[in-house]
Every structure is written in structure tokens, then in C-alpha cells.
Amino acid sequence: MKWNISDKVKLIFVIIVFFLFFIGVFAYLNIKRLETNTDWVDHVHKIIHSLQKMYADLKDSQTNYADFLLTGNKNYSKSCETDMNNIEKELNVANELVSDDILWRQNMEDLQLLVGKRLTSMREGLAYSKAGRPDLAIGRVKSEAEKESNKDIKDLVNRMSGFQIWLLKTRKDFEDTNTHKGVQFMGWSSFTAFLLCTLAAFFIIRQINDRQSALQQLKTSEEKFRFLAENANEGFVTVNQGGKIIDLNPASEIMFGYSKTELMWQKLTRLMPKRFLEEHGDQAFEKFLEITNPQAGVSARELYAQKKDGIEFPVEVSVSVWETKEGIFYTTINRDITERKFFMKTLLKNEHRLFQFLEAIPVGIMVRDQIGVPYYANQAAKNLLGRDILKDETSLT
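I will try to describe carefully the structure that is included in this document.

Each value, and the rule that gives it
- Residues numbered from 1 in each chain as written.
- Predicted model: local features only at pLDDT ≥ 70, side-chain atom pairs only at ≥ 80, totals over all residues.
- Heavy atoms only, no water.
- Pairing = 2+ DSSP bridges.
- Helix = DSSP H or I, 4+ residues; strand = E, 2+ residues; numbered from the N terminus.
- Axes fitted to C-alpha atoms, helices over the stretch in contact; angles between N-to-C directions.
- Contact = heavy atoms within 4.5 Å.
- Patch = residues over 30% accessible without salt bridge, like charges linked within 9 Å, V, L, I, M, F, W, Y side chains within 5 Å.
- Areas by Shrake-Rupley, 256 points an atom, 1.4 Å probe, with all protein chains shown as cover.
- Salt bridge = Lys/Arg side-chain N within 4 Å of Asp/Glu carboxyl O.
- Buried < 20%, exposed > 50% of the residue type's maximum accessible area, 1.4 Å probe, protein only.

### Let's talk about the sheet that holds strand S3 (residues 301-306)
Piece 1. Taking strand neighbours across the sheet as the criterion, the 5 strands line up as S2-S1-S5-S4-S3 in an open arrangement whose pairing is antiparallel. Each of the sheet's edge strands pairs with one partner strand only, and the pair in question is strand S2 (245-248) and S3. Direction aside, the axes of adjacent strands within the sheet are offset by 35° on average.
Piece 2. Sheet strands touched by helix H9 (residues 284-292): strand S1 (235-240), S3, strand S4 (312-324) and strand S5 (327-336). Its angle to S3, the strand with the most contacts, is close to 150°.
Piece 3. Lying on the sheet, helix H10 (residues 338-360) is in contact with S3, S4 and S5; it crosses S4 at an angle near 135°.

### Some remarks on a nonpolar patch on the surface
Piece 1. There is a patch of nonpolar side chains on the surface, built from Phe21, Val25, Tyr28 and Leu29 and spanning about 430 Å² of accessible area.
Piece 2. You can see Val25 is positioned in helix H1 (residues 5-71).
Piece 3. According to the relative accessible area criterion, Val25 is partly exposed, its value standing at 34%.

### Structural notes on the environment of Gln112
Piece 1. Among the structural elements, Gln112 can be located in helix H3 (residues 102-130).
Piece 2. Separated by 20 residues in the primary sequence, Gln112 and Asn92 have C-alpha atoms spaced 9.1 Å apart.

This is the structure:
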């Protein structure tokens, strides 16, 4: 299969469109992944913030709780209760944030259990203090169990926050690697697309130049043909596939007696004799093509045509066929052979008179052609030779 420039340009454009589509899909997937990653990072930050906020409130509540036990100032008691309420809210928020993760659900349950015990202990201590027994609450604060509980809460919060921070760092390293690869891919893709566009532009410019050159050559050929046709003695008449005249030269106007405007888009049959049209009817143009047989090549046929004034005259017709995107066309080359016919008729008459004169002469006369073959012998020559010299020479050859 031979590829022309037009096919190459089409193929390159298809590749470019497919390539740009692929780049667009890749960019869209990267944007969606970035959005997902952003949501995930925001989610992790909320978990860390919630855990850190909860632990900070827990430390504040323990400080206010200890100050209340030591001073009995109710402001510390109120602050402690407010902090404990905030702790429970932060625990609920953190619990909702990790609800989809089984591992974090277990850690949250452990943290809620530890913090719940610590809050229960502080609420009981506040109740003892308000009942006039702060010594019982102070005793709990100093107990090893309370200290161990505080340490377990701190370790669990640090472990959970640290793991989340590790996930953030790991995810960031992974995303940085993917972003670098994505940037490289987009860069190479853009460069490749640029090369393909440049290649397509090269072929387009080349195709335009080739077409302009072909058009220029065609225009030159048309101008030459038009000059020859306009100045030719023969009549050129071009018709379309339906037999309608689309062009003719000045010689045709003189030959048939019509102006060009009168014949344009008229049937070619308008130039044919009435007897031909009456004989073949609507199939006259098809019969004309059958007689002239343009598919067999340009060969002359002697026919009759009709002028505008109705006078018939003999013509020698040659028909050529050619095809374009618009369809099939026929060009007829018409030569008026009226004078030729007249001279041939006159020549035959003169030849007949000459032969009559030679036959009447009582002298033998024989005529040979340029290669010595007998062409004519009068009766006296035949009688003199005692044989028909023309028949004998013909039989010998």
C-alpha cells in the first residue's frame, strides 16, 4: 500500500488526537488522585489535631482538678468540668474520624476506656471534695494506679499520633515520587506532541506546495489548450455525461452558426440532422457515442451535422473521453469536410472524363504507379498486348 502525503497527514493527526486524549485522561486521573490525597491528608490532620487537643484538655483538666483539691476554689472545679466535657467531645470527633479503620477503632476503644476511667476518677474526686472529703480524692491522685493510667494515655496518644505522622511522611514521599514521574511524563508527552505537530505541519506545507505546483501546471496546461482550441480551425465542443454542451470554441460558433451563449447547456443533439434524431429519438446521443466509440481512442468518423439555418453538411468527427471528480466528459473535434467532398467529387468526375478520352485514343496507353505496378491500361493497350495487363499483374503479386 502506497501512502500519499494526504494519508500521512491524516494518520499523524489521528495519532496526535489519540495522544492528546491519553494525556488528558492521565492529567484527569492525576488531578483526581491529588484531590483524593488532599482529602486523606486533611483527614489525617484532623485525627492528629483531635488527639492532641484531647490530650491537652486532659492535662488542663488534671491541673485544674489538682488546684481545686488543694485550694477548694470553685473556679478550678468549673474549669475542670468544662475541660472534661471538651475531652468527651474530642473523643467523639476522633472516634468518628477513625470509624472506617479497624486498627484505629481498636486503638480508639482502648483510649476511650483509659480516658473514661480517668474522667470517672476525677468526677468522683470532685464529688468527694464537695462532700467535705478531699483527702479521699487526694489519695487517689497520689496513687500509683492513677500515675500508670496517665502514662498509658500519654503513650497511646503519642503512638497513635506518631503513626499518623509516619503515614503522612510516607505518603508525601510517595506522592513526591509520583509527581516527579508525572511531570517527566507530561514534559516528554508535550515534547512528543510538539514533534508530531511539527511533522504534520511539514507534511501540510509540503502538500500545499505540491498542490500549488500541480495547480500551476494544470493552469498552464489549460491555458495552452485554451489557446490552441480558441485558435484552431476545427470546432471543439465539450459535453457532460448527459450530453449537454458545457464549452465550445470560436471555430464551432462559425461552423454551426450559433453563438456560444445559444449553445451553452443545450443538448448536443441540437447540432445533429433531423433525420438522425427521427431515426434514434431519445437515444440519439447514445447512438452518437456508439458510432464514434470514444473508449476505443480518438478515431475519425464521417457524419452529417446541421447548422442553425437547418442546412446539413458533412463533418469528420473525433471524440475523446475524460473523467474528473465532477463526472465523465466528452470532447468532439469537428472538421467541416464540405470542400473536401466537393473536390473529391470533382476529381472523380475529371478522372472519369480522362479515362473516357484515353479509351477513345487508338494508341495503347498504360499508367504505372510510383513503384511500377500497372495502374491503368486502355483497351488499345490490352488489345496490343493480347492480355489484360492489370489482371495478370494482380495475379502475379
